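As a plain string of letters, each chain reads:
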Amino acid sequence: EEGTRLLRLRDLLKARLETALSDVAVNGAMEPRLPGNLNMLFSGVEGEALIMALDDVAVSSGSACTSDAIDASHVLRAIGRSDDEAHSSIRFGLGRFTTEGEIDDAAARVIECVQQLR
């Protein structure tokens, strides 16, 4: 049940971002993927600047094991992203206590910040 709930919330976040913003893409395949994981590319936006602007949303610019690294994600590079694309990507992690309201709020903040940074 929890996996199904997280999958629904993840797909809701993805849909909101893709509907409101141009030049966005999911990094990696949607299947198979952990239901609480979404890594997206926001072309034309520096990922670190977006993360700093999203001070009220928990996001990361890399995998959990390398979140302190400033190099381009080796995982994103391995799936064919350029350094610039990898640096324009952020990872969303949804968890047991994530609510639909929080997804709505996070999507609105990301949309606002991406539009300002572009």
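Use the structure listed above.
Residues numbered from 1 in each chain as written. Predicted model: local features only at pLDDT ≥ 70, side-chain atom pairs only at ≥ 80, totals over all residues. Heavy atoms only, no water.

**Student:** Break down the overall build of the protein chain for me, with residues and values.
**Tutor:** A tally of regular secondary structure across the protein chain gives 5 helices and 4 strands. Taken from the N to the C terminus, the helices and strands of the protein chain come in the order α-β-β-α-β-α-α-β-α. Relative to its length of 118 residues, the protein chain is compact, with a C-alpha radius of gyration of 13 Å against a globular reference of 13 Å. Projected onto its principal axes, the C-alpha coordinates of the protein chain cover approximately 35 × 30 × 25 Å. Expressed as a percentage of its 118 residues, the buried residues of the protein chain come to 41%. Put simply, of all contacts in the protein chain between residues at least 6 apart along the chain, 71% involve residues at least 24 apart. As displayed, the protein chain offers around 6700 Å² of accessible surface, 52% of which is attributable to carbon and sulfur atoms. Measuring between centres, the 12 positive side-chain charges of the protein chain sit 5 Å from its 20 negative side-chain charges. (Helix = DSSP H or I, 4+ residues; strand = E, 2+ residues; numbered from the N terminus. Rg over C-alpha atoms; globule rule 2.2 N^0.38 Å. Buried < 20%, exposed > 50% of the residue type's maximum accessible area, 1.4 Å probe, protein only. Contact = heavy atoms within 4.5 Å. Areas by Shrake-Rupley, 256 points an atom, 1.4 Å probe, with all protein chains shown as cover. Lys, Arg positive; Asp, Glu negative; His and termini not counted. Charge placed at Lys NZ, Arg CZ, Asp CG, Glu CD.)

**Student:** Quick rundown of the packing of helix H1 (residues 2-20) against helix H5 (residues 100-117)? Include the residues and the values.
**Tutor:** Where H1 meets H5, the closest approach of the two axes is 10 Å, and the angle between their N-to-C directions is 25 degrees. Considering their axes alone, H1 and H5 lie roughly parallel with respect to each other. Regarding H1 and H5, the two cross each other, and that crossing is right-handed. For the pair formed by H1 and H5, the contact residues are Arg8, Leu9, Leu12, Leu13, Arg16, Leu17 and Ala20 on the first element and Glu100, Ile103, Asp104, Ala107, Val110, Ile111 and Gln115 on the second. Residue composition of the contact of H1 with H5, by class: 9 nonpolar, 1 polar and 4 charged. (Axes fitted to C-alpha atoms, helices over the stretch in contact; angles between N-to-C directions. Parallel < 35°, antiparallel > 145°, perpendicular 65-115°, else oblique. Left-handed = near helix turned anticlockwise from the far one by under 90°. Nonpolar A, V, L, I, M, F, W, Y, C, P; charged D, E, K, R; others polar.)

**Student:** Pulling in residues and values, what's your account of the pattern of salt bridges?
**Tutor:** Enumeration over the complete set of coordinates arrives at 7 salt bridges. Note that Glu2 is salt-bridged to Arg5, the shortest N-O span being 2.9 Å. Taken together, the residues span about one helical turn, with Glu2 and Arg5 both in helix H1 at a distance of 3 residues. What makes Arg5 partly exposed here is its relative accessible area of 23%. Two residues, Arg109 and Glu112, come together in a salt bridge whose shortest N-O distance is 2.9 Å. With Arg109 and Glu112 both in helix H5 and 3 residues apart, this pair spans about one turn of that helix. Linked by salt bridges that have partners in common, Asp56, Arg109 and Glu112 make up one network. (Salt bridge = Lys/Arg side-chain N within 4 Å of Asp/Glu carboxyl O.)

**Student:** Describe the pairing of strand S4 (residues 89-93), and please don't skip the residues or the numbers.
**Tutor:** Counting buried positions over the 5 residues of S4 gives 4, a clear majority of the element. Pairing analysis gives 5 bridges linking strand S2 (residues 37-42) to S4, with the strands arranged antiparallel. Bridge assignment links Met40 to a residue of S4, and that residue is Ile90. Of the strand pairs in this sheet, strand S3 (residues 59-60) and S4 are connected by 2 bridges, and their pairing is antiparallel. In the sheet register, Val59 faces S4, and the bridge partner there is Phe92. (Pairing = 2+ DSSP bridges.)

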